[in-house]
Protein chains: 2
Amino acid sequence: MLASRSPQRRAILEQLGVAFRAVAPGVEELSEGAPERLVLENARRKAEAVEGTRVLGVDTTVVLDGRSYGKPLDGGAAAQTLGALSGREHEVWSGIALRAGGEVAVRSARTLVRFRTLSTVEIEWYLATGEWRERAGGYAIQGRGAALVEAIEGDFWNVVGLPVAALVGLAPELVVAGGGSR
Amino acid sequence: MLASRSPQRRAILEQLGVAFRAVAPGVEELSEGAPERLVLENARRKAEAVEGTRVLGVDTTVVLDGRSYGKPLDGGAAAQTLGALSGREHEVWSGIALRAGGEVAVRSARTLVRFRTLSTVEIEWYLATGEWRERAGGYAIQGRGAALVEAIEGDFWNVVGLPVAALVGLAPELVVAGGGSR
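This is a predicted model, so every value here is computed, not measured. (Residues numbered from 1 in each chain as written. Chains lettered and ligands numbered in written order. Predicted model: local features only at pLDDT ≥ 70, side-chain atom pairs only at ≥ 80, totals over all residues. Heavy atoms only, no water.)

Q: I would appreciate a short explanation of the packing of aromatic side chains in the present structure.
A: In this description, an aromatic ring pair is defined by two values, namely the gap between the centres and the angle between the planes. All told, the structure shown has 9 aromatic pairs over all chains when counted by the stated rule. Taking the centre distance of 4.9 Å and the plane angle of 85 degrees together, the rings of Phe156 of chain A and Trp157 of chain A count as edge-to-face. Phe156 of chain A gets classed as buried once you look at its relative accessible area, which sits at 3%. Relative accessible area serves as the criterion here: at 8%, Trp157 of chain A is assigned to the buried category. Relative to Tyr139 of chain B, the ring of Phe115 of chain B has its centre 4.8 Å away and its plane inclined at 75 degrees; by these criteria the two rings are edge-to-face. Residue Phe115 of chain B is located in strand E6 (residues 103-115), and its partner Tyr139 of chain B is located in the loop between helix H4 (120-129) and strand E7 (149-154); the two are separated by 24 residues in the primary sequence. The exposure class assigned to Phe115 of chain B is buried, which follows from its relative accessible area of 1%. Through a chain of ring-to-ring contacts, three or more aromatic side chains come together here, namely Phe156 and Trp157 of chain A together with Phe156 and Trp157 of chain B. Here Arg67 of chain A stacks its cationic end above the ring of Tyr69 of chain A, 4.3 Å away from the centre of that ring. (Phe/Tyr/Trp six-rings, centres within 6.5 Å; stacked < 30°, edge-to-face > 60°. Buried < 20%, exposed > 50% of the residue type's maximum accessible area, 1.4 Å probe, protein only. Helix = DSSP H or I, 4+ residues; strand = E, 2+ residues; numbered from the N terminus. Lys NZ or Arg CZ within 6 Å of the ring centre and 35° of its normal.)

Here it is in C-alpha cells:
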C-alpha cells in the first residue's frame, strides 16, 4: 500500500513493476526542521496513517540555504522559488518509511540538483506550462522542467518523488527478484 | 528532424514539447576510439545522413575501463556487460550534432553512473525483463533498470539517450521559449 496521492510516486512504482494500491494519508505534516529529520518523520506519519499489512510512506522536500521549499501556493510563489533556485545547486531530500507487522523501517536520500541560470522569460515560459503545481520546489525534472536542470548528483528518482535506490535498500524483495537473498 | 530510430530519444523530445519528425539514419558508425570523439563523430554522421533543414544526430555509448559497450548482441553478452558494471561506476557519453543551413554544431555530455553490486539472481531477473535489448550497456535507467543504479552524476537524460542540458545549450530556442534571448 502506498500512502501517497502523488501521481509521480505511483508512476515510479509502476515502472518498477511493484504491485500496489495507493491511498492519500490524512496526516499533519511537519514543515520546519532539519531536512532529513523532517522527511523521515513525515514519511513515518504517512506510513502509520494508512491501514494495510505493508504500507509505504514517502515525503520529499527541496532545500536551499537551509530553507525548505514545499509546493508553491500560487504562480507568484513558484516564480520566486524558481528564481531562488536559478544558477545554483539545491538539495532534494526524501524520507521513506515501510510499515509491516507493527514495525517501521526508514531510509533517507539526498540528491543535489544544479539549475541553469534562468532568465525572467524562461521562468515565465515554465510557469505557463503549469508543471509547477503540486511539485515541491515548483518544478518537475521528469517533464519540461528537465530543461531547467544542468546536472544532478545522486538518485534521479528521489527528485521525481520516490528514491528508488533507498527503496531497493530497504525492501529489495519488493522490487528485484532475488534481491533479498544475495 | 531527429536522425534516430530510438524510441527513448523520441520520448525525451516529446516530453520537452519539441516538434519533430524522426528518420533512421543509414550510416556506418565508428565503434572504436576515445569516447568523446567517437560519439561526436557518429552524431555528426547521423545529422549529415538525413535530409532536412534542421537535423539532430545523437550517439550514446557506455564506457568502463576505457572500453565502449554498445548494444549487447544477445542475452549472454548482456549478462556479461551487467556483470562488468556491477558494483562499479561507469561513464555514459553522448554526442549531439545539429545541422542547419550547411553548418553542424556539436556538443558532448558525460554522466557517471554507479551500479549496485548485483547478484547472479538479480542479473537473471533483469535479463528476463527483456529491457537489455537495443540499449547501450544493456540496461534502461528509465525502466526496471532504475533498480540497478545507486546514483548518477551529471545529466540523467544523457543516460536515457539524449542529453537535454547539452541540447538546451546548443539550441535553447528549440526547447525553451526565450531561451535564445537571455
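Q: I'm lost on the interface of chain A and chain B in this one. Help?
A: Across the contact, 33 residues belong to chain A and 33 residues belong to chain B. Both sides of the chain A and chain B interface together cover about 2700 Å² of buried area, and 62% of this is carbon and sulfur. At the boundary of chain A with chain B, the tally comes to 0 salt bridges. At the boundary of chain A with chain B, the tally comes to 10 residue pairs in polar contact (both at pLDDT 80 or more). At the level of secondary structure, the elements contributing two or more residues to the side of chain A that touches chain B comprise helix H1 (7-16), helix H4 (120-129), strand E6 (149-154), helix H5 (156-160) and helix H6 (164-170) of chain A. Per element, the largest residue contribution to the side of chain A that touches chain B is 6 residues, and it comes from E6 of chain A. Looking at the side of chain A that touches chain B residue by residue, the class counts come to 17 nonpolar, 9 polar and 7 charged. In terms of strand pairing, E6 of chain A meets E7 of chain B through 3 bridges, oriented antiparallel. If you follow Gly154 of chain A over to E7 of chain B, its bridge partner there is Ile152 of chain B. (Contact = heavy atoms within 4.5 Å. Buried area = accessible area lost by both parts, 1.4 Å probe. Salt bridge = Lys/Arg side-chain N within 4 Å of Asp/Glu carboxyl O. Polar contact = N/O pair within 3.5 Å; in protein donor to acceptor, adjacent residues only side chain to side chain. Nonpolar A, V, L, I, M, F, W, Y, C, P; charged D, E, K, R; others polar. Pairing = 2+ DSSP bridges.)

Q: Teacher, can you tell me more about the packing of helix H3 (residues 75-85) of chain A against H4 of chain A here?
A: The packing of two helices is summarised by the inter-axis angle and the distance between the axes. Residue and element names in this part refer to chain A. Between H3 and H4, whose axes approach to 10 Å, the crossing angle comes to 135 degrees. For the element pair H3 / H4, the angle class is oblique. When you trace H3 past H4, the crossing you get is right-handed. Along its contact with H3, which presents Gly75, Ala78, Ala79, Leu82 and Gly83, the element H4 presents Ile123, Tyr126 and Leu127. Partitioning the contact of H3 with H4 into residue classes produces 6 nonpolar, 2 polar and no charged. (Axes fitted to C-alpha atoms, helices over the stretch in contact; angles between N-to-C directions. Parallel < 35°, antiparallel > 145°, perpendicular 65-115°, else oblique. Left-handed = near helix turned anticlockwise from the far one by under 90°.)

Q: Teacher, can you tell me more about helix H2 (residues 35-49) of chain A here?
A: Three- or four-residue spacings in an α-helix give side chains the same orientation, since the helix completes a turn every 3.6 residues. With 15 residues, H2 of chain A ought to run about 21 Å at 1.5 Å a step, and its terminal C-alpha atoms sit 21 Å apart, in line with that. Taken residue by residue, H2 of chain A has Pro35, Leu38, Val39, Leu40, Asn42, Ala43, Lys46 and Ala47 of chain A as its buried positions. (Expected span 1.5 Å × (residues − 1).)

Q: How do you make sense of unusual backbone geometry when you look at a structure like this?
A: Excluding glycine, a negative phi dihedral is what most residues carry, and trans is how most peptide bonds are arranged. Even without a glycine there, the phi angle at Asp65 of chain A is positive, about 50 degrees. Tracing the backbone through its elements, the reader meets Asp65 of chain A in the loop between strand E2 (54-64) and strand E3 (67-69). Backbone geometry at Glu134 of chain B places phi at a positive 65 degrees, although glycine is not the residue there. Mapped onto the secondary structure, Glu134 of chain B falls in the loop between H4 and E7. Relative accessible area serves as the criterion here: at 47%, Glu134 of chain B is assigned to the partly exposed category.

Q: Would you take a moment to explain the confidence of the model for chain A for this structure?
A: Detailed reading of the predicted model is not advised wherever pLDDT is low. Looking at chain A, pLDDT values average 93 and 97% of them are 70 or higher. Reported for the predicted complex are a pTM of 0.94 and an ipTM of 0.92. (pLDDT = per-residue confidence, 0-100.)

Q: Please explain the relation of the copies chain A and chain B as it appears in this structure.
A: In screw terms, the move from chain A to chain B is a rotation of 180 degrees and a rise of 0.0 Å along the axis, fitting with an RMSD of 0.0 Å. Such a turn and shift between the copies fits a two-fold axis. Of every C-alpha in chain A, the one belonging to Glu153 of chain A sits nearest the axis of rotation, 2.2 Å from it. When the interface residues of chain A are mapped onto chain B, 100% of them are again interface residues, pointing to one common binding face. (Least-squares fit on C-alpha atoms with pLDDT ≥ 70 in both.)

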